[in-house]
Amino acid sequence: MKETDNKYSHPWKSFCGFLKQHIPEEKAFLDCRRQSLAAWFVLLITLGALADLLELSGSFSIFYKYTNSIMLVLIWTSTACYLLKKISILHTATLLSLITQLFLSIDTIYCALTPSVPHTDMVILVNMLILTANIMFSIATYQTITTMVNVVLSVTIFFVCMILTNNKDSLQYVAMMTLIFIYIGILGLHITRNSKHLQEENTTIKNEEEELMHLLRLNKEQMRLYIQLGKREYNEDETKLILAQFNEKTQKYIIDNVTKYLDVEASTEKRIEKEFPELTPSERDIVRMILHGHKLGAICTMLNKTESNVNTQRANIRRKLCLQPQDNLYDFLKTRIKEFKFRI
């Protein structure tokens, strides 16, 4: 059984390797989506055209065989240009959509002009459905102008066909079909605009991220480790494992900077304790946060206290320090700490 699996898996791996080697690699998310949708679009259009050429499905008219053959040649020429990296995936998707729209429009008009074509109404209906699918393809590949062109062409073709065939039943639904196509066009316009806006924001975020990495001289994994260190407390062994991911120079900088910070914090705590002996330890923690410039929300988060609790303790601090309502607590504390330094 394993030998059989290996027998079939080898050709599949070879095929996947061939595709990876010859299909251009797209880095942007939108271009990756365009590439995937374009591949499915070419496959389905090719199968549909071949079904008509081989008389497996469709209206078996010699005119359609010519138009479908030319359409296939143009579609695969566009695809080949993309595979050879002569055009971008956006231009490829645009060409695929416009070529399909053009030839389907020609086929639909021909059907309306030629009563001898069997099942005229059905052919027109099927072509309109394919035109709608083509519009959805241009929307899904984020093409604003192409979508608008396709919508205008589809509405025009539908009107012309209804007039040429003089089909009273179909004429009753002209207004409804027009509204549907207009809505699809508006939908496409909003989707493409939103996608471009998201792409611009994504590009900005990536550029800022790269700039930050360059300034900090860190890669993404090291940045992740920095964030990991700040999320919770670790024991000695866990901390060593995390620090081991950095080079020795970076480890030294981290330890030295944290040590300096802790020394300064310890010194500040001692000053606060000596300068404000009347305050409780909890109130001195709040004083330390205020001196660092933290607002109410940040103080609540860092000290794991509620707003009402912090506000009560702030009021107690003001009362114990004999502050007037108009006195600024931050300015008062800063002044007292500076005076304490000079006294030392």
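Residues numbered from 1 in each chain as written. Predicted model: local features only at pLDDT ≥ 70, side-chain atom pairs only at ≥ 80, totals over all residues. Heavy atoms only, no water.

**Focus on the pattern of salt bridges**
Here is step 1: Per the stated rule, a full pass over the model turns up five salt bridges.
Here is step 2: The partner of glutamate 269 in a salt bridge is arginine 288, with the nearest N and O atoms 3.7 Å apart. Note that glutamate 269 is positioned in helix H11 (residues 248-275) and arginine 288 in helix H12 (residues 281-291), a separation of 19 residues in sequence.
Here is step 3: On the basis of relative accessibility, which here comes to 13%, the residue arginine 288 falls in the buried class.
Here is step 4: Shared partners join several salt bridges into a network, and the residues in it are Glu269, Asp285 and Arg288. (Salt bridge = Lys/Arg side-chain N within 4 Å of Asp/Glu carboxyl O. Helix = DSSP H or I, 4+ residues; strand = E, 2+ residues; numbered from the N terminus. Buried < 20%, exposed > 50% of the residue type's maximum accessible area, 1.4 Å probe, protein only.)

**Side note on the packing of aromatic side chains**
Here is step 1: For the coordinates displayed, the defined rule picks out four aromatic pairs.
Here is step 2: Ring geometry for phenylalanine 63 against tyrosine 110: centres 3.8 Å apart, planes inclined by 15°, an arrangement best described as stacked. One end of the pair, phenylalanine 63, is in helix H3 (residues 62-83); the other, tyrosine 110, is in helix H4 (residues 89-113), with 47 residues separating them in the sequence.
Here is step 3: Residue tyrosine 110 is classed as partly exposed on the basis of its relative accessible area, which comes to 25%.
Here is step 4: Of the aromatic side chains, those joined through ring pairs into one cluster are Phe63, Tyr64 and Tyr110. (Phe/Tyr/Trp six-rings, centres within 6.5 Å; stacked < 30°, edge-to-face > 60°.)

**A word on a nonpolar patch on the surface**
Here is step 1: The grouping of Met122, Leu125, Val126, Leu129 and Ile130 at the surface amounts to a nonpolar patch, some 440 Å² of accessible area in total.
Here is step 2: As for its position among the elements, leucine 129 is in helix H5 (residues 120-140). (Patch = residues over 30% accessible without salt bridge, like charges linked within 9 Å, V, L, I, M, F, W, Y side chains within 5 Å. Areas by Shrake-Rupley, 256 points an atom, 1.4 Å probe, with all protein chains shown as cover.)

**Topic: the state of the cysteines**
Here is step 1: For the coordinates displayed, the defined rule picks out zero disulfides.
Here is step 2: In this model cysteine 161 remains outside any disulfide bridge; the closest cysteine sulfur is found in cysteine 111, 7.3 Å from its own.
Here is step 3: We classify cysteine 161 as buried; its relative accessible area is 0%. (Disulfide = S-S within 2.5 Å.)

**Comments concerning the packing of H12 against helix H13 (residues 296-303)**
Here is step 1: The contact between H12 and H13 brings their axes to 10 Å, and the two run at 130°. Considering their axes alone, H12 and H13 lie oblique with respect to each other. Considering only the axes of H12 and H13, their crossing is right-handed. Contacts from Asp285, Ile286, Met289 and Ile290 of H12 reach H13 at Ile299, Met302 and Leu303.
Here is step 2: A per-class count over the contact of H12 with H13 returns six nonpolar, no polar and one charged. (Axes fitted to C-alpha atoms, helices over the stretch in contact; angles between N-to-C directions. Parallel < 35°, antiparallel > 145°, perpendicular 65-115°, else oblique. Left-handed = near helix turned anticlockwise from the far one by under 90°. Contact = heavy atoms within 4.5 Å. Nonpolar A, V, L, I, M, F, W, Y, C, P; charged D, E, K, R; others polar.)

**A short note on the packing of helix H2 (residues 29-53) against H5**
Here is step 1: At a minimum axis distance of 10 Å, the contact between H2 and H5 shows a crossing angle of 160°. Judged by the angle between their axes, H2 and H5 are roughly antiparallel. Here H2 runs over H5; the crossing is left-handed. Side by side, H2 and H5 meet where Leu37, Ala38 and Phe41 of the first sit next to Asn134, Phe137 and Ala140 of the second.
Here is step 2: By residue class, the composition of the contact of H2 with H5 is five nonpolar, one polar and no charged.

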